[in-house]
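Residue-level listing of the chains:
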Amino acid sequence: MAAQRRVPQLPSSSTNQSVVVWSGVLPARNASKSAFSCKVFLGGVPWDITEKDLMAAFRQFGELRVEWPGIHDKSLKSNRMPKGHLYLIFEEEWSVKCLLGACTYDFHHGQHNWFYKVASKRMLVKSVQVIPWQLADAVYTQPGYDPKHVANMGAGKIFVANLHGMITAEGLAKITNEMFGGVIAATLDTDKTKYPIGSGRVTFGNHESHMMAIRAGMIDIRTAKFSRQIKIDPYLEDSKCSLCNCDLGEFFCRNLMCFRYFCDRCWTWQHGSGEFRDHQWMRRPPRATTSYSSAAEFCPSSGISSGADDLDSLLSSMSL
Ligand SMILES: [Zn+2]
Ligand SMILES: [Zn+2]
């Protein structure tokens, strides 16, 4: 693609962004028990556990399949070594409720904990942690705003990547609101089982907060349980070129001198000389090619990870 050649290879330090730090306590996960993803995280799994062992333990709750960590990493595919955690994907949500009902449960340090006993060859019986995902945790709207209308409201949105598996939409809203203010909603991107994939969106009610988040570019999150740098980018939507207002604005310039959409021609015109030459473009792929989640597939030229990479980082982040 012609536009690809125009991207200057800048060292990351040239982006001039200083990392802002958030530390605190994240809100507890939803306790409504309304609806669950059919995908369940299993932590503390014996290293020698096999698919057969897992089926023996969980098949009683319904049809399921196992998703091993690193499944999207082709180099790992040949030796499917469990890493102490994996996912069970049931066919029915009802199975998840049955499984949780059969677990031992406690509420500790603001967290719901479910445990279930499994057996493997080496470790005869071991309690593994079962972490379900409640669909309500993927969407959050600040009190006072109507969730039905919030999608079309707001002064600006950001796309957030590299989220930790313990960050819910409410947690994301809390973090970004405390850092930048003005947050009215947050949504996590999910896969087809409605399980979060490690990215999301935050909607701001005012322009200043939105731009403060864009300028920050990152938040260094520190909690008692984990530390994680999450990445902030403009959230790209379908838009016309802001110069000619005629062609599709395929390229977005995130430099604050521009911060707008351009068509191919207008990008070249705008960025042909002076300091504009160093601007980097972002774009979203055409909808037809998005296979995972359209929001997770944004591929800014700065090299944000794709949806699949986010999934793997989520997987590794959840090894408790
Ligand atoms: Zn144009
Ligand atoms: Zn520009």
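Whatever comes next refers back to the structure up there.
Note on numbering: residues in each chain are counted from 1, in written sequence order. Going through the entries in the order they are written, you letter the chains from A and number the ligands from 1. Only residues with pLDDT of at least 70 get local features here, since the model is predicted, and only at 80 or more are side-chain atom pairs given and counted; chain-wide, interface and lining totals rely on the full set of residues. Side-chain numbers here rest on the full set of heavy atoms in the structure, without hydrogens or water.

Visitor: Even after reading the chapter, I still don't get the sheet that holds strand S14 (residues 251–253), so can you show me in this structure?
Guide: Hydrogen bonds along the backbone pair up the strands of a sheet, which may run parallel or antiparallel. Two strands qualify as a pair provided DSSP detects at least 2 bridges between them. Strands here are runs of E lasting at least two residues and helices are runs of H or I lasting at least four, both read from the DSSP assignment and numbered beginning at the N terminus. Reading across from one edge, S15-S14-S16 is the order of the 3 strands in this open sheet, with antiparallel pairing throughout. If you trace the sheet from one side to the other, it starts and ends with strand S15 (260–262) and strand S16 (281–282), each paired once. The pairing of S14 with S16 spans 2 bridges and is antiparallel. In the strand pairing of S16, Phe252 is matched with Met282.

Visitor: What is the right way to look at helix H5 (residues 169–180) in this model?
Guide: It helps to recall that an α-helix has 3.6 residues per turn; residues three or four apart then point in one direction. In a regular helix each residue adds 1.5 Å, so 12 residues correspond to 16 Å; H5 covers 16 Å between its end C-alpha atoms and thus fits that length. Remark: exposure states derive from per-residue accessible area (1.4 Å probe, protein chains only) relative to the maximum for the residue type, with buried under 20%, exposed over 50%, and partly exposed in between. Taken together, the buried positions of H5 are occupied by Ala169, Gly171, Leu172, Ala173, Ile175, Thr176 and Phe180. Downstream of H5 by one or two residues, Gly181 has phi in the positive range, about 75°. Under the convention used throughout, the expected extent of a helix is 1.5 Å for every residue step, that is, one less than its residue count.

Visitor: So what exactly am I meant to see when it comes to the packing of aromatic side chains here?
Guide: Given two aromatic rings, one states the distance between the centres and the angle between the planes to describe the pair. Stacked, edge-to-face and tilted labels apply to pairs of Phe, Tyr and Trp rings (six-membered ring for Trp) whose centres lie within 6.5 Å, assigned for plane angles under 30 degrees, over 60, and everything in between, in that order. Per the stated rule, a full pass over the model turns up 12 aromatic pairs. For the ring pair Phe252 and Phe259, a centre distance of 5.0 Å and an interplane angle of 80° mean the geometry is edge-to-face. Here Phe262 and Trp267 contribute two aromatic rings whose centre-to-centre distance is 5.6 Å and whose plane-to-plane angle is 90°, an arrangement assigned as edge-to-face. For the pair Phe262 and Trp267, a shared accessibility class is recorded, and that class is buried. Here the aromatic cluster, defined as three or more aromatic residues joined through ring pairs, consists of Phe41, Tyr87, Trp133 and Tyr195. When the NZ atom of lysine or the CZ atom of arginine is within 6 Å of a ring's centre and also within 35 degrees of its normal, the charge is said to sit over that ring. Lys39 extends its terminal NZ or CZ atom over the ring of Tyr87, reaching a point 4.7 Å from the ring centre.

Visitor: It is not clear to me how the environment of Ala138 should be interpreted in this structure. Could you clarify?
Guide: By secondary structure assignment, the location of Ala138 is in the loop between strand S7 (126–131) and strand S8 (139–141). Overall, the relative accessible area of 6% leaves Ala138 in the buried class. For Ala138 and Gly171, which are 33 residues apart along the polypeptide, the C-alpha to C-alpha distance reads 9.9 Å. Sequence-distant contacts of Ala138, defined by excluding residues within four places in its chain, comprise Trp133, Ala169, Ala186, Thr187, Leu188 and Thr190. Residue contacts follow a heavy-atom distance rule, with two residues in contact if any of their heavy atoms lie within 4.5 Å.

Visitor: I tried to follow the coordination of the zinc ion (ligand 1) on my own but got confused; where do I start?
Guide: Four donors placed tetrahedrally around a metal ideally meet at 109.5 degrees, and six donors placed octahedrally ideally meet at 90 or 180 degrees. Donor atoms are limited to N, O and S found within 2.8 Å of the metal ion, a distance that becomes 3.2 Å for Na, K and Ca. With water left out, some sites might look partial. Around the zinc ion (ligand 1), the protein contributes the donor atoms Cys241 (SG), Cys244 (SG), Cys263 (SG) and Cys266 (SG), at 2.2 to 2.4 Å from the metal centre. Around the zinc ion (ligand 1), the 4 donor atoms sit at angles spanning 97 to 117°, and that spread fits a shape best called tetrahedral. All donors of the zinc ion (ligand 1) belong to a single chain; written as a sequence motif, their spacing is C-x2-C-x18-C-x2-C. Exposure class is identical for Cys263 and Cys266. Each is buried. Under this scheme a four-donor centre is tetrahedral when all angles range from 85 to 135 degrees, a four-donor centre is square planar and a six-donor centre octahedral when opposite donors are above 155 degrees with the rest from 65 to 115, and any other centre is irregular.

From the geometry alone we can't say anything about function, so treat these as descriptive.
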